[in-house]
Amino acid sequence: MVGYDPEAKCVSTVEAAAAGSASGFATRVLVSPLDVIKIRFQLQIEQLSSRHPGAKYHSILQAVRRIFQEEGLVAFWKGHVPAQFLSVGYGAVQFMAFESLTKLVHNVTSYSARDSFVHFVCGGLAACTATAAVQPVDTLRTRFAAQGEPKIYRNLRHAVVTMYQTEGPQTFYRGLTPTIIAIFPYAGLQFSFYNMLQQFSEWVVPAEGKKGGNVKNLVCGSCAGIISKTLTYPFDVFKKRLQVGGFEHARAAFGQVRTYRGLLDCIRQIMREEGPGGFFKGLSPSLLKAAVSTGLVFFWYELFCSLLCALKSTESTVRKEG
């Protein structure tokens with residue numbers, strides 16, 4: 001049901017946006033702790049190893065224990081409010097754009113809306129559109145997740161006002177270049193691999209019908225998330241490093257800090273000081289998050305779309321009987 005299906009004209013563009021929003025909201029609540037750990041790993045200059053004396057975080061379990069001991073349980077949902085704005089807004093724009101683009105391709109070109117290549121291109125373009133729309137919220141989310149104690153920003157309003165007054169409006173779009181560069185192939189691969197895996201599962205088990213469909217959506221989405229995240233991960237590291245530029249004073253408690261003049265300078269410094277492994281810091285929690293979040297996003301989206309279709313079908317039947 002992800003993408004335009006000429007044989008099942010059930011979900012409108014507005015309904016796709018609503019289902020995307022609900023999917024993003026439900027998923028964000030569950031994956032926020034993994035996101036906080038991933039961001040902490042990405043921003044750590046020191047190696048993620050217990051053998052490094054200056055490293056604050058060594059592994060996922062060690063990071064969980066340390067964050068819980070030092071900052072409490074609520075720390076795993078730091079930045080959750082802007083993150084929810086991000087998820088809801090991103091989900092709405094992404095799925096609305098994706099449904100519209102696949103429909104457009106089907107109607108004006110010779111390509112099928114169910115083709116994996118079409119899903120790659122439309123998925124990438126939809127994600128770029130959504131990213132540009134929610135980038136300021138993403139920057140706020142990263143700042144909240146990255147700050148330690150005592151907090152620099154008391155709440156969302158304080159963060160917006162302080163960042164605008166001290167760093168200017170351009171600070172809300174820090175890291176947009178690597179984000180756009182990375183999001184097109186990442187999202188494109190997500191949608192195309194999800195489509196291919198769905199088709200493969202139908203070929204392997206053609207008589208499955210609707211039985212186990214929700215589990216299949218979850219598994220296909222998780223696998224698509226792992227593949228796409230691994231292939232595009234370094235750009236996520238670059239984005240996070242650039243987003244906390246001008247915020248170095250709040251990072252002092254976590255170890256060394258660096259200032260980057262731009263994307264290329266960020267790449268050069270990481271390569272020189274941290275080696276190739278620096279490009280994949282936080283990959284473990286990120287892959288775990290990608291598997292869980294992508295699986296849940298497609299799972300919830302398909303589920304909400306199915307519920308909307310069932311509701312419309314019921315209303316149609318009632319009107320006919322009436």
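Here, every reference points to the structure presented above.
Only a predicted model underlies this, so the values are computations on that prediction, with no experimental measurement involved.

## Looking at helix α8 (residues 263–274)
Step number 1: Taking 1.5 Å of rise per residue, the 12 residues of α8 would be expected to cover 16 Å, and the 16 Å separating its terminal C-alpha atoms lies within 8% of that figure.
Step number 2: Along α8, the residues that are buried comprise Leu263, Asp265, Cys266, Gln269, Ile270 and Glu274. One face of α8 carries all of its buried residues, which in axial projection span an arc of 160°. More than 90 degrees from the buried face of α8, the exposed residues found are Leu264 and Arg272.
Step number 3: In this structure, the buried side of α8 is in contact with α6 (176–204) and α7 (213–243).

## Description of the environment of proline 178
Step number 1: Tracing the backbone through its elements, the reader meets proline 178 in helix α6.
Step number 2: Residue proline 178 is classed as buried on the basis of its relative accessible area of 1%.
Step number 3: Taking the C-alpha atoms as reference, proline 178 lies 5.7 Å from lysine 239; in sequence the two are 61 residues apart.
Step number 4: Residues in contact with proline 178, not counting those within four places in the same chain, are Phe235, Phe238, Lys239, Leu242 and Leu263.

## A short note on the side chain of threonine 139
Step number 1: Its place among the elements puts threonine 139 in helix α4 (residues 116–146).
Step number 2: Within the structure, threonine 139 has its side chain in polar contact with the backbone oxygen of phenylalanine 172 (distance 3.0 Å).
Step number 3: If we skip the residues at most four places from it in the chain, threonine 139 touches Met163, Thr171, Phe172, Tyr173, Arg174 and Gln243.

## Some points on empty space enclosed by the protein
Step number 1: Applying the stated criterion to the full structure yields two cavities of 30 Å³ or more.
Step number 2: Its boundaries defined by the atoms lining it, the largest cavity holds a volume of some 780 Å³.
Step number 3: For the largest cavity, the lining is made up of 38 residues, of which Arg28, Tyr90, Ile183, Tyr186 and Lys289 are closest to its centre.
Step number 4: Taken together, the elements giving at least two residues each to the lining of the largest cavity come down to α1 (13–43), α3 (80–108), α4, α6, α7 and α9 (283–321).

Quick notes on the rules
- Residues numbered from 1 in each chain as written.
- Predicted model: local features only at pLDDT ≥ 70, side-chain atom pairs only at ≥ 80, totals over all residues.
- Heavy atoms only, no water.
- Helix = DSSP H or I, 4+ residues; strand = E, 2+ residues; numbered from the N terminus.
- Expected span 1.5 Å × (residues − 1).
- Buried < 20%, exposed > 50% of the residue type's maximum accessible area, 1.4 Å probe, protein only.
- Arc of directions from axis to C-beta.
- Contact = heavy atoms within 4.5 Å.
- Polar contact = N/O pair within 3.5 Å; in protein donor to acceptor, adjacent residues only side chain to side chain.
- 1 Å grid on protein atoms, 1.4 Å probe; cavity = no way out; pocket = protein on both sides within 12 Å on 5 of 7 lines; lining within 4 Å.
- Points joined across faces, edges and corners; volume = space filled by probe spheres on them.

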